[in-house]
Amino acid sequence: MRFGHLLSYRHWQARVLMWGAAGAVGAAAVAFAKIADVAQWGLKRLIGIAPWTPWVLAPAGFFVIAWLTRRYFRGAEGSGIPQTIFAIRAESGELGQMFLRPRVVIGRVLLAGAGLFCGGSIGREGPTVHVGAVIVNSVGRLMPGRRFPGQRHALVLAGGAAGVAAAFNTPLAGIVFAIEELSRSFEERASGTTLTTVILAGVAAIALVGDYTYFGQPQVTALASRVTPEVLVVAAACGLGGGLFSLLTLKTTQRLPGGLQRLRTERPALFAGFCGLLIAALGALSGSLTYGTGYDEARLILEHNAHLPWIYGPARALATLLSYLSGIPAGLLAPSLSVGAGLGQVLADQLGQPSVVPFAILGMCGFLAGVTQAPVTSFVIVMEMTAQHAMVLPLMLTAAVATAVSKMVSKPLYQTLADRYAVIPEPVVLREPEVAPPAS
């Protein structure tokens, strides 16, 4: 009976389709990364030629991107993770189907790249989760046989996990992310479909760009593996920072004070342009450090023990919030890691540490855990991205403490944003699903 199943044409057709989908996710993640790199390189060249460029490019670019997003790519707003979480749910209905249209993620990739070129503080990893979910779900439609009710759930879950694995080159984190953040249930364990898709997406990405560690090979001493009081300070401080960022994001995406709320509701593209103007001001104030994903700044700290200005972390966090509020496609994961690296560096300086590198690594883990309230995903992502397996105990403790502190001040960010789709009337969601939902 088992041999008959293995020799079945339909069985192998389904497997080959899934393997192809996994490879496509890896290729899409690499292509997205290249688009992001070219966009950031182009902006730096422009600033080098004409330093005033962001003052024009950011407001005008955000205006156009927000208009295009609302007009042609509804559902591409924000990071893409809340849309993916909502689409997994059985009750998501037609709105969940809309979030899984290929056109939505094509617009997300292109417009996010445009947002980076215009100076936005935007991550590509969260959007890649959405891209992976749509690719795998779309290929799943070609599978032989009738689609059963739970198939979309399994395919979207596998695709989202593969997106994380391919974007960060962190296969273990992709699996953990699927369980802890996307499904929020350890009863829904990583199935063979999820495991296979994650692994093959990672293999495809490595085949295209080679094996690498996302943040290089930071050098830390053996003392970095110890749990000290300073570790607890960094964990609590970054967890509080991440929790406050999450709280502020949830509050401001729901309602803004007076005139700003009317502007966002009645003239959303103009509101996006205003956000772009503020982002240009932050860039000028920080010496152009807040533009882009934050990858270069974090790597400077980790690989070169660089000491960025103390204002870097808060300014990057504010620029990320404004990019998200504007209504353009804008991920939060990479900027959050960069904010954490900046905060960890400042705390290391204040605590009189000889090297800021281990504290920057802990800061990345703590701030990400504070934002997402997903402790296992946070420490696994940071551990895999920096290849600091010796720091596993401090990282685990940092993630746990930061999550506990964050829960005191904020609800879970992505789950709360996803929950709002279930209570918003569909016509309102289609207008502005993530940027300006009505008060609940």
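Residues numbered from 1 in each chain as written. Predicted model: local features only at pLDDT ≥ 70, side-chain atom pairs only at ≥ 80, totals over all residues. Heavy atoms only, no water.

(A) Inspection of the overall build of the protein chain at higher detail. Of the regular secondary structure elements, the protein chain holds 21 helices and zero strands. Every one of the 440 residues in the protein chain was classed for burial, and the buried ones make up 59%. A separation threshold of at least 6 residues defines the contact pool for the protein chain, and within that pool the share at least 24 residues apart is 80%. Total accessible area computed for the protein chain in this model is approximately 17500 Å², and 67% of it derives from carbon and sulfur atoms. (Helix = DSSP H or I, 4+ residues; strand = E, 2+ residues; numbered from the N terminus. Buried < 20%, exposed > 50% of the residue type's maximum accessible area, 1.4 Å probe, protein only. Contact = heavy atoms within 4.5 Å. Areas by Shrake-Rupley, 256 points an atom, 1.4 Å probe, with all protein chains shown as cover.)

(B) Here's a closer look at a nonpolar patch on the surface. Where nonpolar side chains cluster on the molecular surface, the patch consists of Trp52, Trp55, Val56, Leu260, Phe274, Leu277 and Leu278 and spans about 650 Å² of accessible area. Sorting the residues of the nonpolar patch by element identifies helix H3 (53-72) and helix H13 (268-286) as the ones contributing at least two each. Here the nonpolar patch takes three residues from H13, the largest share from any one element. You can see Leu260 is positioned in helix H12 (residues 258-266). (Patch = residues over 30% accessible without salt bridge, like charges linked within 9 Å, V, L, I, M, F, W, Y side chains within 5 Å. Salt bridge = Lys/Arg side-chain N within 4 Å of Asp/Glu carboxyl O.)

(C) View of the packing of helix H9 (residues 171-182) against helix H18 (residues 375-386). At a minimum axis separation of 9 Å, H9 and H18 run at an interaxial angle of 170°. Relative to H18, the element H9 is oriented roughly antiparallel. Residues Pro171, Leu172, Ala173, Val176, Phe177 and Glu180 of H9 pack against Pro375, Val376, Thr377, Val380, Ile381 and Glu384 of H18. Here the residues of the contact of H9 with H18 are counted per class, giving nine nonpolar, one polar and two charged. (Axes fitted to C-alpha atoms, helices over the stretch in contact; angles between N-to-C directions. Parallel < 35°, antiparallel > 145°, perpendicular 65-115°, else oblique. Nonpolar A, V, L, I, M, F, W, Y, C, P; charged D, E, K, R; others polar.)

(D) Spotlight on a positive patch on the surface. The grouping of Arg71, Arg74, Arg101 and Arg103 at the surface amounts to a positive patch. Tracing the sequence through the fold places Arg71 in helix H3. (Lys, Arg positive; Asp, Glu negative; His and termini not counted. Charge placed at Lys NZ, Arg CZ, Asp CG, Glu CD.)

(E) Spatial organisation of the side chain of Thr386. By the secondary structure assignment, Thr386 is in helix H18. Relative accessible area serves as the criterion here: at 0%, Thr386 is assigned to the buried category. At 2.7 Å, the side chain of Thr386 forms a polar contact with the backbone oxygen of Val382. (Polar contact = N/O pair within 3.5 Å; in protein donor to acceptor, adjacent residues only side chain to side chain.)

(F) Representation of the environment of Ala28. Tracing the backbone through its elements, the reader meets Ala28 in helix H2 (residues 9-49). Apart from residues no more than four positions distant in its own chain, Ala28 is found in contact with Val131 and Ile135.

(G) Seen up close, the packing of aromatic side chains. In the structure shown here, the tally under the stated rule is five aromatic pairs. Plain terms: the ring middles of Phe86 and Tyr421 are 5.5 Å apart, the flat faces sit at 50° to each other, and that makes the pair tilted. Of this pair, Phe86 sits in helix H4 (residues 81-88) while Tyr421 sits in helix H20 (residues 413-423), and the two are 335 residues apart along the sequence. Here the two residues Phe86 and Tyr421 agree in accessibility, since each one is buried. Summarising the aromatic geometry, the rings of Phe245 and Phe367 are spaced 6.1 Å apart at their centres and angled 55° between planes, so their arrangement reads as tilted. (Phe/Tyr/Trp six-rings, centres within 6.5 Å; stacked < 30°, edge-to-face > 60°.)

(H) Highlighting helix H6 (residues 102-117). Here H6 is 16 residues long and its end C-alpha atoms lie 23 Å apart, about the 22 Å a rise of 1.5 Å per residue gives. Those residues of H6 that fall on the buried side of the exposure criterion are Val104, Val105, Gly107, Arg108, Val109, Leu111, Ala112, Gly113, Gly115 and Leu116. Count one or two residues on from H6 and you reach Gly119, which has phi positive near 105°. (Expected span 1.5 Å × (residues − 1).)

(I) Representation of the nonpolar core within the structure. Counting residues in hydrophobic clusters, the biggest one holds 110 residues, and the most contacted among them are Val382 and Leu395. The leading source of residues in this core is helix H17 (residues 357-372), at 11 residues. Contact partners of Val382, with chain neighbours within four places excluded, come to Leu337, Ile361, Met364, Cys365 and Leu395. (Core = buried A, V, L, I, M, F, W, Y, C linked by side-chain atoms within 4.5 Å.)

(J) Local environment of the state of the cysteines. Per the stated rule, a full pass over the model turns up zero disulfides. Cys238 takes part in no disulfide bond, and the closest cysteine sulfur to it belongs to Cys365, at a distance of 9.4 Å. Residue class for Cys238 comes out buried when judged on its relative accessible area of 0%. (Disulfide = S-S within 2.5 Å.)

(K) A look at the pattern of salt bridges. Under the criterion given, the structure shown has five salt bridges. Between Glu125 and Arg124 there is a salt bridge whose closest N-O contact spans 3.9 Å. Ionic pairing is found between Glu297 and Arg316, a salt bridge with its closest N-O pair at 3.4 Å. Here the residue Glu297 occupies a position in helix H14 (residues 295-304), and Arg316 occupies one in helix H15 (residues 312-325), the gap between them amounting to 19 residues.

In short, the description is geometric, and any link to function would need to be established separately.
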